[in-house]
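# Structure at a glance
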Amino acid sequence: MSEPIEWLIYRGAGEPHEGIEQLPPPPPWRDFGGRGAPAPDEQDGDGSADRRLGGYRHIAELHRPGAEELEMINAALYLRRPLLVTGSPGAGKSTLAHSVAHELGLGRVLRWPIVSRSALQDGLYHYDAIARLQDVQIAAHGAAAGAPGAESAQSVGSYIRLGPLGTALLPSDRPRVLLIDELDKSDIDLPNDLLNVLEEGEFAIPELERIADRLPDGEAEVLDDDGNKVKVRGGRVQCRAFPFVVLTSNGERDFPAPLMRRCIHLELGRPDHQRLATFVRAHLGDEAARSGDDLIAHFLERSRSELLATDQLLNAIYLTDAAAPAGRDRLADLLIQRLDRPR
């Protein structure tokens, strides 16, 4: 007997219909909101904390870390050292950064997602030389036609935008939280390239250093990663409060010893039933956690011998709860496929 298709939005029948109107609201971790630019004092203008921590975080015992986890987080805060967090996918590595920022009131988490092409420069700042060249050419044509528009040294800052790491190192009284996500996906050079910046807490912007003597008070205005204009003096950025830096890794590679000795290392183990239930409750509410308790137990049983991610569990509980298909367990197994071996 075929399964009832009431929950199916796309039916593969080839006939246009208005079924998209029946689509329920997105799961909280996929609700992007489309908000406008956040105010500078907003805690979470882009909604990233809600997606990471869960829309029901006010009714959940959210992120109750164990004793060792608490100690390592606080050691990193006290020592002003980066925290290197390793663990399997979905273990809560990235959530840790958002949890610290939320509890300590440290504003939006600055996130630098690492890919194989990521370089130190990407995290520090971007200088748009092409846009500046175009503007110089336009100004030159305008001047030839008798219109004002000669470029000044002050305008160079208009073509510079600080990256997440550069913004985290801006001088401030309170530290920012910087998440350098999935560092193990970088090329071989990036971990070593990070050493000096993380050790010294400062970096130079050569494009501004060269003209610092021609700038008023040696300062230029640039954009930061939040989209705000900030002043850089003498072409150098030097932190006052060292940021709380969280480096995450899925354990796919080893890191050089010089980086390891500059970091506090925390390894997150496999979550137990209570922590998974809290995780589900934070994102989907009490009812979903109760109705999905059997899926949580089955997930834990499979995770003893298979590599699984907790976001797979969230997907399965949300879909089986929202759509309530007849083949609930079969659909959950299709969504929770092992990551260490293709099926």
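Residues numbered from 1 in each chain as written. Predicted model: local features only at pLDDT ≥ 70, side-chain atom pairs only at ≥ 80, totals over all residues. Heavy atoms only, no water.

A word on the overall build of the protein chain. From N to C terminus, the protein chain includes 14 helices and eleven strands. Counting only residues that meet the buried cut, the protein chain has 43% of its 343 residues in that class. Of all intrachain contacts in the protein chain linking residues separated by at least 6 positions in sequence, the fraction that spans at least 24 positions is 79%. With an accessible surface of roughly 18800 Å², the protein chain has 50% of that area assigned to carbon and sulfur atoms. (Helix = DSSP H or I, 4+ residues; strand = E, 2+ residues; numbered from the N terminus. Buried < 20%, exposed > 50% of the residue type's maximum accessible area, 1.4 Å probe, protein only. Contact = heavy atoms within 4.5 Å. Areas by Shrake-Rupley, 256 points an atom, 1.4 Å probe, with all protein chains shown as cover.)

This brings us to the environment of Ala-322. Within the element layout of this structure, Ala-322 appears in helix H13 (residues 310-323). Ala-322 sits in the partly exposed class, given a relative accessible area of 40%. Each C-alpha atom, one on Ala-322 and one on Pro-25, is 9.3 Å from the other, the two residues being 297 residues apart in sequence.

The relative placement of two aromatic rings is captured by the distance of their centres and the angle of their planes. Following the criterion strictly, the structure yields one aromatic pair and no others. Their ring planes at 15° and their centres at 6.5 Å tell us that Tyr-125 and Phe-203 sit as a pair that is stacked. Of the two residues, Tyr-125 is situated in strand S3 (residues 125-127) and Phe-203 in strand S6 (residues 202-204); the sequence distance between them amounts to 78 residues. (Phe/Tyr/Trp six-rings, centres within 6.5 Å; stacked < 30°, edge-to-face > 60°.)

Right, let's talk about helix H7 (residues 190-200) for a bit. Taken as a whole, H7 has its buried residues at Leu-190, Pro-191, Leu-194, Leu-195, Val-197 and Leu-198. Among the structural elements, strand S2 (110-113), helix H4 (120-124), helix H6 (164-168), S6, strand S10 (244-249) and helix H9 (257-261) are those in contact with the buried residues of H7. A positive phi of about 70° marks Gly-201, the residue just after H7.

Quick look at the packing of helix H10 (residues 273-284) against H13 now. Helix packing geometry: the angle between the two helix axes and the distance between the axes. Where H10 contacts H13, the axes come no closer than 11 Å and their chain directions differ by 55°. One way to sum up the angle between H10 and H13 is to call them oblique. Where H10 crosses over H13, the handedness of that crossing is right-handed. Facing Leu-276, Phe-279, Val-280, His-283 and Leu-284 of H10, the residues of H13 in contact are Thr-310, Leu-313, Leu-314, Ile-317 and Tyr-318. In terms of residue class, the contact of H10 with H13 is made up of eight nonpolar, two polar and no charged. (Axes fitted to C-alpha atoms, helices over the stretch in contact; angles between N-to-C directions. Parallel < 35°, antiparallel > 145°, perpendicular 65-115°, else oblique. Left-handed = near helix turned anticlockwise from the far one by under 90°. Nonpolar A, V, L, I, M, F, W, Y, C, P; charged D, E, K, R; others polar.)

Before going further, it helps to spend a moment on the packing of helix H12 (residues 293-303) against helix H14 (residues 328-335). Interhelical geometry of H12 versus H14 gives an angle of 45° and a closest axis separation of 12 Å. When the axis of H12 is compared with that of H14, the two are oblique. Pair H12 / H14 crosses with right-handed handedness. Mapping the contact onto sequence places Asp-294, Leu-295, His-298 and Arg-302 in H12 and Arg-328, Asp-329, Ala-332 and Asp-333 in H14. When its residues are assigned to classes, the contact of H12 with H14 shows two nonpolar, one polar and five charged.

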